[in-house]
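Fold and contact review
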Amino acid sequence: MLAYALRRLLLALPLLIGITFLSFAVIHLAPGDPAAVIAGSGEQPITPEIYKQLVEIYGLDQPLYVQYLSWLGRLARLDLGHSFAPHGRPVLSMIAERLPITLLLNIVEMLIIVALAVPIGVLSATRQYSTFDKITTIFVFLGFATPDFWLALLLMILFGVQLGWLPISGLRSMNWEYLSFWRQQLDFLGHLALPILVATFGGLAGFSRYMRQSMLEVIRQDYIQSARAKGLAERVVVGKHALRNAMLPIVTILGLSLPGLIGGSVIVESIFAIPGMGQLMVQAAFERDYPVLMGNLVIVSTLTLLANLAADVAYSLVDPRIRVGRRRR
Amino acid sequence: MRAFWTALARNRLALVGGVVVACLALLAILAPLIAPWDPNRPDVNKILDRPSRAHILGTDQLGRDVLSRMLFGARVSLAVGFVSVGIAAFIGITLGSSAGYNGGATDAVIMRLVDLMLVFPRFFLLLAVLAFLKPSIWTIMAVIGLTGWMGVARLVRAEFLALKEREFVVWSQSIGASGFRIVWRHILPNAMAPVLVAMTLGIPAAILTESGLSFLGLGVQPPHATWGNILNEGKDAIELAWWLSLYPGLAILVTVLSYNLLGEGIRDALDPRLRQSRGVVSRGR
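With that settled, the discussion passes to the overall build of chain A. The helix and strand inventory of chain A stands at 14 helices and zero strands. Taken from the N to the C terminus, the helices and strands of chain A come in the order α-α-α-α-α-α-α-α-α-α-α-α-α-α. Dimensions of chain A, computed from the C-alpha atoms along their principal axes, are close to 85 × 55 × 35 Å. With 329 residues in all, chain A has 36% of them scored as buried. Considering only contacts within chain A whose residues lie at least 6 apart along the sequence, 71% involve residues at least 24 apart.

If you tally the helices and strands in chain B, you get twelve helices and zero strands. Traced from its N-terminal end to its C-terminal end, chain B shows the element sequence α-α-α-α-α-α-α-α-α-α-α-α. Expressed as a percentage of contacts within chain B between residues at least 6 apart in sequence, the contacts between residues at least 24 apart total 71%.

A few words now on the interface of chain A and chain B. Taken residue by residue, the interface counts 46 residues in chain A and 42 residues in chain B. Contributing elements (two or more residues each) for the side of chain A that touches chain B: α1 (2–28), α6 (131–145), α7 (148–162), α8 (181–219), α11 (258–271), α12 (277–287) and α13 (290–318) of chain A. If one sorts the elements of the side of chain A that touches chain B by residue count, α11 of chain A sits on top with eight residues.

Before going further, it helps to examine the confidence of the model for chain B. Residue and element names in this part refer to chain B. Here chain B shows a mean pLDDT of 84. Residues at 70 or above account for 94%. Considering only residues more than four positions removed or in separate chains, one finds that residues 274–285, a stretch of pLDDT under 50, has 32 contacts. Reported confidences for the modelled complex are a pTM of 0.86 and an ipTM of 0.84.

Turning next to helix α9 (residues 179–216) of chain B. Residue and element names in this part refer to chain B. End to end, α9 covers just 46 Å across 38 residues, shorter than the expected 56 Å (1.5 Å per residue, more than 12% under). Of all the bends in α9, the greatest, near 55°, is centred on L188, and the proline P189 appears no more than four residues after it. A positive backbone phi angle near 95° is found at G217, which sits one or two residues after α9.

Residues A152, A285 and L293 of chain A together with F124, L127, A128 and V152 of chain B are the most contacted members of the largest nonpolar core, which totals 152 residues. Ignoring anything within four residues of it in the chain, the contact list for L127 of chain B reads V266, M281, V282 and A285 of chain A together with L218 of chain B.

When two helices pack together, their arrangement is given by the angle between the helix axes and by the axis-to-axis distance. Residue and element names in this part refer to chain B. Closest axis-to-axis distance for the helix α2 (residues 12–34)/helix α3 (residues 66–102) pair is 8 Å, and the angle between their directions is 135°. One element, α2, and the other, α3, form an angle in the oblique class. Where α2 crosses over α3, the handedness of that crossing is left-handed. Counting all contacts with α2, which are made through L24, A25, L27, A28, A31 and I34, the residues of α3 involved are L71, F72, A74, R75 and L78. Here the residues of the contact of α2 with α3 sort into ten nonpolar, no polar and one charged.

Residues and elements named next belong to chain B. Within the element layout of this structure, S98 appears in helix α3. When the C-alpha positions of S98 and P51 are compared, they lie 54 Å apart, and in sequence the two are 47 residues distant. Leave out the neighbours within four places in its chain, and S98 touches T106 and I110.

Quick look at unusual backbone geometry now. Residues and elements named next belong to chain A. Within the chain, L78 stands out as a residue other than glycine whose phi angle is a positive 60°. Structurally, the position occupied by L78 is in the loop between α4 (64–76) and α5 (91–126). Unusually for a residue other than glycine, Y129 sits at a positive phi of about 70°. With respect to the helices, strands and loops of the structure, Y129 is situated in the loop between α5 and α6.

Here we come to the packing of α5 of chain A against α13 of chain A. All names here are of chain A. Relative to each other, α5 and α13 sit at 50°, their axes nearing to 10 Å. In terms of their interaxial angle, α5 and α13 are classed as oblique. As α5 runs across α13, the sense of the crossing is right-handed. Together, V91, M94 and I95 of α5 and P291, V292, G295, N296 and I299 of α13 make up the contact between the two elements. Partitioned by chemical class, the residues of the contact of α5 with α13 number six nonpolar, two polar and no charged.

A few words on α3 of chain B. Residues spaced three or four apart along an α-helix point in a common direction, a consequence of the helix completing one turn every 3.6 residues. Taking 1.5 Å per residue, 37 residues should reach 54 Å; α3 of chain B reaches 52 Å between its end C-alpha atoms and fits that length. Note on α3 of chain B: the residue one or two positions beyond its end, G103 of chain B, has a positive phi of about 65°.

Residues and elements named next belong to chain B. Along the chain, the position of N260 falls in helix α11 (residues 242–270). Residue classification places N260 among the buried positions, given that 23 C-beta atoms sit within 10 Å. Linking N260 and N232, residues 28 residues apart in sequence, is a C-alpha distance of 25 Å.

What counts, and at which threshold
- Residues numbered from 1 in each chain as written.
- Chains lettered and ligands numbered in written order.
- Predicted model: local features only at pLDDT ≥ 70, side-chain atom pairs only at ≥ 80, totals over all residues.
- Helix = DSSP H or I, 4+ residues; strand = E, 2+ residues; numbered from the N terminus.
- Buried ≥ 20, exposed ≤ 12 C-beta atoms within 10 Å, placed from the backbone.
- Contact = placed C-beta atoms within 7 Å.
- pLDDT = per-residue confidence, 0-100.
- Expected span 1.5 Å × (residues − 1).
- Bend = angle between axes of the 7 residues up to and from the residue.
- Core = buried A, V, L, I, M, F, W, Y, C linked by C-beta atoms within 7 Å.
- Axes fitted to C-alpha atoms, helices over the stretch in contact; angles between N-to-C directions.
- Parallel < 35°, antiparallel > 145°, perpendicular 65-115°, else oblique.
- Left-handed = near helix turned anticlockwise from the far one by under 90°.
- Nonpolar A, V, L, I, M, F, W, Y, C, P; charged D, E, K, R; others polar.

Here it is as structure tokens:
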């Protein structure tokens, strides 16, 4: 077990270096001079001397590989540099502020998705071609085709503007400080309701589809037939014998779908004005705040890598065939 | 081939999808002829007019006709969909086939590159690139293509791994055919079926991605109308003009849905075996 985990970790190391390389390359190979960007961000027009100083401070006159290596060195010490925005805060603390919010959203989304998708998938697989199955199939196709930002807009119009039931932006109401403790929690949940609904919708479609497919494959297996043959109740056959094996691939898919979910938070967070990583990324893109962009890329993709790794290890825990038998090609 | 068409024709949903896709393409091509108004002509007397007989889908903040803007937006969406998927397929096929055919170190390096690209949430990568590029339709096509080739590469590689052991390949190797010839003439044509399916399903994913980026304001820039940036303007008038938010999104939904239905239909018709493979439409990020 430990050996397997270590081997996966070792395989992940080159990917980690790849992450830093790509994050650096994406920003630095694009045309456009970062010093000019900083220079353009101030209110005062900048003199050539200051421009030269900026170039020196940020080491922009160095060859790219020197810049990369020194950035890597600072990265190893968790120094992500300072934002180019007027406040000039350390990138790491900006991310530290926002990461928990994005993580919270994504974890809640994932829990909801799994909690709903598993029963939906099992029901539509065991009743293949039933009305329930057909309805969920329609829902799946709609889920795939609905742009999340559009769904968000519609829900905002319906619940926020027309009905006035739910807040449509931020995480707290203006009068938050004056509310009682429980009111505050309720207020927070209210603010999360629409973003989570939107983010869950698309993911739910995919997951229930996977679950259905996985279940369909398992219930065709021989051992399910023999479980039935020995007279077990259908509930036990499906709920115990089949479900356990049908859940296996879901672990991996959960890991693999993580970048998609996090990527989705870019749109959800910027629509609902939620101060998370996604919103930070959009702001940084508009402001060409490249330390923030690079820092975000590195952190988000490293977390994804770790989550994939965790999913791999978890998979090998629940399915011993993986760590003993075939290696991943 | 005939079996393919009969199978496809028997799939009613795929047929509907195909017809809608064809109609959309036609509308997009004919946009300059059929658009009732000039999509970029503002009219101060018609700001945020409700849908009416003159403006079937209403007007926007500048008094421009929403229907006409959407017709022109369809051109952008479809063009971005096709071109970016073309780019992605080209990269995916090239890398996937060289990984699958050569194996060994080439394979290892290319597959690690695929893993690496898949670790980045697509929208984060896109935003980082677009921050420094001049936003135009061409940049959008390029970056969506450049971040969307990994699925095709994996598919092609898997096909190649299976096909290169087959007799017809071994025989052409034994008579001394060049590697390029074997790949291009013998293996690739046999590996194209899943690629075609992936491409059909990649178009709606690219359309969703483009409209998402345009919605954020980092995609195709105004005054160019796209479904995404009409929605972006709709967001600012959300309390005044629901029609700005409703119709462009509906257009995206119908387009993506039709392509997905068509794509799944093609997959089932091409190879009933593939139906069992765990292929599910991927979303564009």
